[in-house]
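Descriptive structure summary
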Amino acid sequence: MSNVIESIRVLLGGTPKRVAKKDMPEEVRELHAHKFADKERIEKIRIELAEKHANPPLEKLRLKRWAVLIAVNLLFVVSYHLDIQLLEGALTASRFAGFHMADLNSALQVMLAFKHVVINLVIGTTTVFILWWLLGGRTFCSWVCPYHLVAEWAEMLHLKLVDKGWAKDIQFDRRSRAWLWLVFVILAVVTGYTVYETISPTGILSRALIYGPGVALIWVALLLLFEIFFSRRAWCRYACPIGLTYGIVGATSPFTVRYQLPNCFHEGECRKVCLVPHVLDTVLKGKAKAMEVDIGADCTRCLRCVDACPTGALTIKYKGLTS
Amino acid sequence: MSKKPQNRLTPKQKERRKFLRSIAMTIGVSGIALLGMVPVLGNWVKRLRPPGALKEDKFLAACIKCGQCVQVCPVEAIKLADLTDGLGVGVPHIDPRDQACDFSCDGLQCVLACPTGALIHEISFPSEVDMGVAKTVNLKQCLAVNGQGFKGLARGADFKGKLRYAEIDRWNPIKLADHPYDLELCDLCVRQCPIEISIAECAAEDEKRQSGKVDLVAVRQKNECPPKHAIELRNIDGRMTPVILDGCVGCGVCEMVCPVEPAVIVMDSSDSRANSKGMRIL
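The model shown is predicted, which means the values in this text are computed figures rather than measured ones. (Residues numbered from 1 in each chain as written. Chains lettered and ligands numbered in written order. Predicted model: local features only at pLDDT ≥ 70, side-chain atom pairs only at ≥ 80, totals over all residues.)

The subject of this paragraph is the packing of helix H5 (residues 104-114) of chain A against helix H9 (residues 175-191) of chain A. All names here are of chain A. H9 packs onto H5 with a crossing angle of 35° between their chain directions and a minimal axis gap of 6 Å. The element H5 and its partner H9 pack so that their crossing is right-handed. Mapping the contact onto sequence places Gln109, Leu112 and Ala113 in H5 and Phe184, Val185, Ala188 and Val189 in H9. Across the contact of H5 with H9, the residue classes tally to 6 nonpolar, 1 polar and no charged. (Axes fitted to C-alpha atoms, helices over the stretch in contact; angles between N-to-C directions. Helix = DSSP H or I, 4+ residues; strand = E, 2+ residues; numbered from the N terminus. Left-handed = near helix turned anticlockwise from the far one by under 90°. Contact = placed C-beta atoms within 7 Å. Nonpolar A, V, L, I, M, F, W, Y, C, P; charged D, E, K, R; others polar.)

For the rest of this paragraph, the subject is helix H10 (residues 201-211) of chain A. All names here are of chain A. Most of H10 sits inside the fold, with 9 of its 11 residues counted as buried. Within the sequence span of H10, burial applies to Pro201, Thr202, Gly203, Ile204, Leu205, Ser206, Arg207, Ala208 and Ile210. One or two steps after H10, the chain reaches Gly212, where phi turns positive at roughly 105°. (Buried ≥ 20, exposed ≤ 12 C-beta atoms within 10 Å, placed from the backbone.)

The subject of this paragraph is the nonpolar core. In this structure, Tyr259 and Cys305 of chain A together with Cys69, Cys110, Cys254 and Val257 of chain B are the most contacted members of the largest nonpolar core, which totals 154 residues. If sequence neighbours within four positions are ignored, Cys110 of chain B has contacts with Pro50, Pro51, Cys69, Val72, Cys73, Ile78 and Leu119 of chain B. (Core = buried A, V, L, I, M, F, W, Y, C linked by C-beta atoms within 7 Å.)

Moving on, we come to the interface of chain A and chain B. Between chain A and chain B, the residue contacts involve 45 residues of the former and 36 residues of the latter. At the level of elements, strand S1 (87-90), strand S2 (93-96), strand S3 (99-102), H5, helix H6 (119-135), H9, H10 and helix H12 (234-239) of chain A are the ones that each hand at least two residues to the side of chain A that touches chain B. The leading source of residues in the side of chain A that touches chain B is H5 of chain A, at 5 residues. Looking at the side of chain A that touches chain B residue by residue, the classes come out as 25 nonpolar, 15 polar and 5 charged.

Let us now look at the sheet that holds strand S4 (residues 255-260) of chain A. All names here are of chain A. Within the open sheet, the 3 strands sit side by side as S5-S4-S6. Their pairing is antiparallel. In the strand order of this sheet, the two ends are held by strand S5 (292-294) and strand S6 (314-318), each with one partner. Looking at each pair of strands side by side, their axes are set apart by 35° on average, direction ignored. Taken together, the 5 bridges between S4 and S6 define a ladder with antiparallel strand orientation. Note that in S6 the partner of Val257 across the bridge is Ile316. (Pairing = 2+ DSSP bridges.)

Listed below in structure tokens is the structure:
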């Protein structure tokens, strides 16, 4: 339970709490102290990594994830244009084979603004809540959200430009996402309009894909330009209330990435690729407080860290299915 | 002694700057979203909303912007608005001159598709719809008023709009451009009015029933047959003039079929939906 509370605190923008050496279990302290004795192994990893950096391999999990993301969004498009009625609607609300689904953040905005909830929306919201709890919460972000995909491409460009010194990464306080979430909740209640939906790049992109492009895409383009030149993955990291909503859902999800201290040699490869590196605070030298640590709620389960780790210290876990 | 350069910030100053920058970003993003209020509060756009739409402000609040209503409409009358509508981005509307709602789905499919009740589920029949009211604006140009007939395609060969002609195909609407007319006196607005057509069908059915030609009689539900007429050509000072009646639901078919440019009849969505049927229930 204390893990869940800490995970939500970090999700809301808190700095990860670190445990003092003396409060760690004996075996963890031992491991922290003696890990670097195996000089031979560490040298081998170093060489392996240098090779990997010289010839970057395909990120297989990332490509699979992109395939899933594109497939889900394409299913909406195909379903409408071929009129097969398999997945009707858009990401904000839809029907899968006739069964209602509603995006949790959009549904929240509508409920607060409209102040009246019809049964279809209750069904849709509950279904989606259970679905994303089972699947990991922010899994929605990296596996379904179309903005996440274009932002990933923008990020690739951003990193190249940063290398050349043409772009920089201005950082913001992660608490700003929680403030924005609260602002949009209050605005929905007070104004009686779903104010957030006006600028939601997720909704705008989803509708543009299904119903055709529009002026609203300019807003999405501006966000991407800002991310490319000024701040890495700014929208997903510091602003998007949808991410926070799904993060809370995933706080207790059985699907997580698990960190295994004995396998970790602290190269920091995982933190370099991570959208939310604060969830990987535990991989820093001497910070892990247990032999196994489940990565927190803000993790989008994009699994890039699993691909990036040279020593298999990060693995996919489904509690109850895999031990 | 090394002197610190003036522009080097202490960690505390850096944190402070980051915090202020984040506040500015939060206010900026909220502000941009709130700009969406401008077109709405300024009444910049007046849209004809799909059947069952709540009063405008409630409608904008309740709509989840998913477009399921768009997907089920057999004549593709419903479109989603762009960012120029501010808060109304992604909200459905109908441009009746391009494609009116002709009720060819019969069961108000858009209402059934709506997941949030922005299109209120309490209505079941076209006559219960209250999208707006037709208004005659350009009567001097009206062919009927001028005693003229109409021959040819109502909106030309390139017009993409569809309409259901029950006598041709009960289930599939066809293009207006595939259906030429030859009329002594132009009465397209009355002839194609879905409410008027429905009233005529009910009357024909009643007649059959009375003469005992049908054995099995389905029980009619309330408002299945429109209780009031919607439009008629009335002789006013010797000129046949289209007159909008109480039964008009604002579907816009008369505006779509009117062969005069600009149309003699247009939909007014503002006054009627002020007492939208939906709002009386809520």
